[in-house]
Every structure is written in structure tokens, then in C-alpha cells.
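Close look at the chain arrangement
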Amino acid sequence: MAVKLNEKYLKTFIRAHEMQGMEGVVALAHKQLNEKTGLGSDFLGWLDLPENYDRDEFARIKKAAEKITADSEVLIVIGIGGSYLGARAAIEALRSPLYNSLKKQTPEIYFAGNSISPTYLNELISIVDGRSFSVNVISKSGTTTEPALAFRVFRDLLEKKYGEQGAKDRIYATTDAKRGTLKKLADRQGYKTFVIADDVGGRFSVLSAVGLLPIACAGCDIDALMKGAADAVSEYANPDLTQNPCYRYAALRNIFYRKGRKAEMLVAYENSFAMMNEWYKQLYGESEGKDKKGLLPVSAIFSTDLHSLGQYIQDGSEILFETVIDIQTPQKDFFLEEEAENSDGLNFLANRNMSEVNRKAFEGTVLAHVQGGVPNIVLEIPALNEYELGYLIYFFEKACAISGYILGVNPFDQPGVESYKKNMFALLGKAGYEADRAELEKLLNE
């Protein structure tokens, strides 16, 4: 089992009967999920995706990644939300948050279309200036403002640099199989296309073409990634709460929520996990945050954030619990040598690996926070590689679905996300939104 749930630090917070009391609701959630009778059941394509993905498309993804690696110094990935977070998170976790600055045989990868910042867009334009580049645009419809705007800009740059014919060989569209603005444009122009399945929502799409093409372009082993997730599918099929750590994690989250803990802080002790934290926040925030319910997903990287948030966690309002990612073997280690003069007083750390120091920071922090009244769930993973990451991704996805059903919400829709779009369109004067514009401008000017 690649992900182990360590409940050692919960003894003073959770009683045995509380977990037993969750057995019925977890069994019902499992039944709703697997029989596809729960809310949002039209969006369960992710559930068996690691086992039943399109092998032909998978082969085309690897072939496209080889071509991009061969002919491009830079890959611009255009998407927002689940259309970019999973890919970026996996690349930084498996390669490095400094991936673009390291020596490598693969292209630099930058992400566009996830904001409307003109400054950031101009910086990306300067990065590709004078360099060979390709674009992977990811959008179900092709009309979402942020990625559509970025794609217009980078498509124009490609056409100016390579001509219309040359540009089409450098544009890869991940979109709907049959319909939508981007699909029509891709068919008309002859772009290579990959499919966003109708039954896989954006935040559950990292193990589809949405995430796999950029991840493969970074030189990651996507076969191992899918193998880890496939093994997790099998491992987490058992509805028995006593035997299923994924379901136990979902149950624990809901127990703490009912006890008044309104925020979950996902913590890791590796900088490379920072974007995985961001992926987790979208997955759980967008899935559970509705009907005036849901845990607030927050995150931290320790020991860095102990010097900013540590005081609050230790001694502030008792509103949160922590879920700690314990990566037991670092991707790289560093041996700390002894200094003859000990001028900095650090010889007490000498003659050991830096990972041991990080381990003691983890152990000391968990003990301190638990003593301070903060529950700590620990998820142990042997290492941060493709297999383990695929396993962990599926662990979080399935726990999210079960947790959402326990909470009584639809984990697969996001009605609240549309509100800002409607207001923005009205204020910008988009056709069809004129009726709201005057009222919104009045509110802004009050």
C-alpha cells in the first residue's frame, strides 16, 4: 500500500465509537459512488480512468511529447483551474519547483491562461522571444476568458514566427471530443487534438490527457504514474471502513468538521509539494464548498511556514486540523560535514544527512502541535516518484468523492464559480449581459 494512514497522533482527539459511528454513512457513500446513484453521477469517469483509459490516445500523448521535446525549447501550457493545476503540481513534485532553471533534455514549461495579469502575459511573451516553442491549449469549450485570451496571443505569435502552416504543427489542443469553439477551430486548422471526456471534471482530470501531455513533456514516466493510480483503484475498492485508509481519511475529515474544526491544513516538508497543495485546495474547495458547508482547505510548507503561521497553528483559534504528507525518502539528500572551528554553532547537526534534520523537524512539530491541541492526520508515502504520486492523486480524488457524499453535497459541480464570470462579462459589456451592467456599476460607485 503506497499511502499509509498514520492515526497515531489522533488518540486524544478521536474515540473509537466515533469512527464506528461513521461506518453507515461511509458504506452509503461507497454504494452511491460505485452504483452511480449519488449526486453528480454523470461525472464519475475518473473513478476507473487509471484502469480503463484510451491506450491509443495514451500512445499519441507520448509521441506528441517526443515531438515537442525534439523541436521546442519552451512549451506554453494554456489552461485554468483543473486544466493546469494538476499538471504543474505533478511536474514540480516529480522534477522540481526550479524545473525551468535546471539543466535538462526536456523543454521549459510555463503556464498561461490562469490569470488576467497583463504583466505576467508580457513576461511569458518575452520568454519565448527568439526561441522555438509549442503550445498546449486545454479547454473544454474554448471560450473560458482567461485561457481563450492567452491562446489568442500565443497562436498569433506562433503564426507570425512559423506561418499558419508551421504554427498548426506546434499547437496541441486538449478539448471536447465533438463540440465547442476550440474543437471546431482545431478541426478547421488541423491541430493535433486530445480529448477531455464529458464525464471527467477539470479538478479530477490530471490523469487524463489534460495532465498527461505536459507531464510527459517534462520527462516524467506517465506509465508509472498510471500504474500507481491503477493499483490505488484496486486497493480502495473495499467498502470496509476498517480496511480502507482512503475511506478512513474521508471519515476523519468529517468527524473533525462536525466537532467544529472548519479548516484542514495540508502540510508537507518538501518545497516540491507546494503546487500539490494548490491542487488539493481546488479539489476539495470546489468539491465540498457549497450549500454553506465544507472544510476550508488551506496549506503550508514546513519548516518554511512555521516561521509565519506556526504561532497561529500552535496557539491560535482551534479551528483547524492538519493532514501531514510524510515523504519518507527524499529525492536527493545532502550530507552535513563538520566544521573545525564550529563558527556557526551547527556542528551538532554534522555527520548526518539533511533529511534526518528535516525528519526531526517533522517529529518535533507534530508533537508540539498535538500538545497544543491541533489534531494531526499523517499520510505516509515511501517516496515522491511517479508511481507513488499516481497512487496519492487517486487517494485524494476518491477520498474527496466519499467525503462530499458524507457531507451531503454534490462533489462534482461548481455553481459558485460562475458568479464572478457573469459580473465580469456584464461590466465588460459582453453581449447578453447588458441588463446587469447598470446595476453592477451602481453598486461599485456607491
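A quick note: this is a predicted structure, and the numbers were derived from the prediction, not measured. (Residues numbered from 1 in each chain as written. Predicted model: local features only at pLDDT ≥ 70, side-chain atom pairs only at ≥ 80, totals over all residues. Heavy atoms only, no water.)

Re the overall build of the protein
We count it as follows: A run of DSSP states H or I qualifies as a helix once it reaches four residues; a run of E qualifies as a strand once it reaches two. Both are numbered from the N-terminal end. Our radius of gyration is a C-alpha quantity, and the globule rule it is checked against amounts to 2.2 Å times the number of residues to the power 0.38. Exposed residues in this analysis have more than 50% of their type's maximum accessible area, buried residues have under 20%, and partly exposed residues fall in between, with area computed by a 1.4 Å probe over protein chains only. Under the convention used here, a 1.4 Å probe and the Shrake-Rupley method define accessible areas, while residue burial counts only the protein chains that appear. When charges are counted, neither His nor the chain ends are considered; positive counts come from Lys and Arg and negative counts from Asp and Glu. Charged groups are reduced to one reference atom each: NZ for lysine, CZ for arginine, CG for aspartic acid, CD for glutamic acid.
Each helix and strand in the protein was counted, giving 17 helices and 12 strands. Against the globule reference of 22 Å for 446 residues, the protein gives a C-alpha radius of gyration of 23 Å, in line with a compact fold. Dimensions along the principal axes, computed over C-alpha positions, put the protein at roughly 65 × 60 × 55 Å. Out of the 446 residues in the protein, the part that is buried amounts to 50%. Only carbon and sulfur atoms are counted for the fraction: they give 50% of the accessible area of the protein, which is about 20600 Å². Charge-centre separation for the protein: the mean point of 51 positive side chains lies 5 Å from the mean point of 61 negative side chains.

A few points about the pattern of salt bridges
We apply this condition: We define a salt bridge as a contact between a side-chain nitrogen of Lys or Arg and a carboxyl oxygen of Asp or Glu at a distance within 4 Å.
Tallying each qualifying case throughout the model produces 26 salt bridges. Taking the shortest distance from any N to any O, the salt bridge between glutamate 73 and arginine 131 comes out at 4.0 Å. Taken together, the residues glutamate 73 in the loop between α4 (55-71) and β2 (74-78) and arginine 131 in the loop between α6 (118-128) and β4 (133-138) connect sequence positions 58 residues apart. Accessibility expressed as a relative area gives 40% for glutamate 73, which makes it partly exposed.

Section: the pairing of β4
To keep it simple, the criterion reads: Pairs of strands are assigned from DSSP output, requiring at least two bridges between the strands. We call a crossover right-handed when, viewed with both strands directed away from the observer, the connection leading from the first strand over the helix to the second proceeds clockwise.
With respect to burial, β4 is a largely interior element, 6 of its 6 residues being buried. In this structure, β4 lies alongside strand β5 (residues 171-175), joined through 4 bridges in parallel fashion. Each bridged residue has a counterpart across the sheet, and for valine 135 the counterpart in β5 is isoleucine 171. For the crossover from β4 across helix α7 (residues 145-168) to β5, the handedness is right-handed.

What to know about unusual backbone geometry
In the segment running from phenylalanine 302 into serine 303, the intervening peptide bond is cis, with an omega of 10 degrees. Mapping serine 303 onto the fold places it in the loop between β8 (296-301) and α13 (310-315). Here the phi dihedral of lysine 36 falls at roughly 55 degrees; this positive angle occurs in a residue that is not glycine. Structurally, lysine 36 is set in the loop between α2 (23-35) and α3 (49-52).

Looking at the pairing of strand β6 (residues 192-195)
Two strands pair when backbone bridges link them, and β5 and β6 are joined in this way by 4 bridges, in the parallel orientation. Its bridge partner lying in β6, alanine 173 is registered against threonine 193. Handedness of the crossover joining β5 and β6 through helix α8 (residues 181-189): right-handed.

Observations regarding the side chain of threonine 365
This is how the line gets drawn: Between two residues, a contact is recorded if the distance between any of their heavy atoms is within 4.5 Å.
Structurally, threonine 365 can be placed in helix α14 (residues 354-371). Filtering out sequence-adjacent residues up to four positions away, threonine 365 remains in contact with Tyr269, Phe302 and Leu306.

Things to note about the sheet that holds β4
Our working rule: Lines fitted to C-alpha atoms define the axes here, with helix axes fitted over just the stretch in contact, and angles between the N-to-C directions of these axes take values from 0 to 180 degrees.
Pairing in this open sheet of 5 strands is parallel, and the strands run β3-β2-β4-β5-β6 from one edge to the other. Since the sheet does not close on itself, it has two edges, and those belong to β3 (108-112) and β6, each with one partner. Taking the axes of each pair of neighbouring strands and ignoring which way they run, one obtains an average angle of 20 degrees across the sheet. Each of β2, β3 and β4 touches α6; the most contacted strand, β3, lies at about 155 degrees to it. Its contacts with the sheet put α7 on β2, β3, β4 and β5, and the angle it makes with β4 is roughly 140 degrees.

A closer look at the packing of aromatic side chains
Aromatic ring pairs: the centre-centre distance and the angle between the two ring planes describe each pair. For the record, the criterion: Two rings from Phe, Tyr or Trp (for Trp, the six-membered ring) form a pair when their centres sit within 6.5 Å of each other. Planes less than 30 degrees apart are called stacked, planes more than 60 degrees apart edge-to-face, and all others tilted. Ring-over charges, as used throughout, are those where CZ of Arg or NZ of Lys falls within 6 Å of the ring centre and within 35 degrees of the ring normal.
Taken as a whole, this structure holds 23 aromatic pairs when the rule is applied. The interplanar angle of 85 degrees and the centroid separation of 6.4 Å between the aromatic rings of phenylalanine 151 and tyrosine 191 together place this pair among those described as edge-to-face. Taken as a pair, phenylalanine 151 in helix α7 and tyrosine 191 in the loop between α8 and β6 lie far apart in primary sequence, 40 residues in all. Through pairs of rings, three or more aromatic residues link up here, namely Tyr236, Tyr249, Trp279, Tyr280, Tyr284, Tyr387, Tyr391, Phe395 and Phe396. It is arginine 170 that lies over the ring of tyrosine 162; its NZ or CZ is 4.2 Å from the centre. Directly above the aromatic system of phenylalanine 425 lies the positively charged group of lysine 430, at a separation of 4.1 Å from the ring centroid.

Observations regarding the packing of α6 against α7
Spelled out, the test is: To sort the angles, those under 35 degrees are grouped as roughly parallel, those over 145 as roughly antiparallel, those from 65 to 115 as roughly perpendicular, and the leftovers as oblique. The hand of a helix crossing depends on one turn: near helix anticlockwise from the far one by less than a right angle means left-handed, and clockwise means right-handed. Polarity classes work like this: nonpolar for Ala, Val, Leu, Ile, Met, Phe, Trp, Tyr, Cys and Pro, charged for Asp, Glu, Lys and Arg, and polar for all others, with Gly in that last group.
Relative orientation of the contacting elements α6 and α7 amounts to 20 degrees, with a least axis distance of 12 Å. For the element pair α6 / α7, the angle class is roughly parallel. Of the two elements, α6 crosses α7, and the hand of that crossing is right-handed. In this structure, α6 contributes Leu121, Leu124, Ile125 and Val128 to the contact, and α7 contributes Val153, Phe154 and Leu157. Of the residues contributing to the contact of α6 with α7, the split by class is 7 nonpolar, no polar and no charged.

Let's talk about the nonpolar core
As a reminder, the rule being used: We define a nonpolar core as any set of buried Ala, Val, Leu, Ile, Met, Phe, Trp, Tyr and Cys residues linked to one another through side-chain atoms lying within 4.5 Å.
Membership of the largest hydrophobic core comes to 117 residues, with the highest contact counts inside it found for Trp46, Phe273 and Phe396. Element by element, the count of residues in this core is highest for helix α15 (residues 386-407), at 14 residues. Setting aside residues no more than four positions away along its own chain, tryptophan 46 makes contact with Leu33, Asp199, Val200, Phe204, Tyr394, Glu397, Lys398, Ala401 and Phe412.

Let's talk about the sheet that holds β8
Reading across from one edge, β1-β12-β9-β7-β8 is the order of the 5 strands in this open sheet, with mixed pairing throughout. At either end of the open sheet lies a strand with only one pairing partner, and these are β1 (4-6) and β8. When the angles between neighbouring strand axes are averaged without regard to direction, this sheet yields 25 degrees. Here 6 bridges tie strand β7 (residues 263-268) to β8, and the two strands are oriented parallel to one another. Bridged to glutamate 264 within β8 is proline 297. Packed on one face of the sheet, α15 meets β7, β9 (320-329) and β12 (376-383) and runs near 150 degrees to β12.

As far as function goes, none of this settles anything; it's purely spatial.
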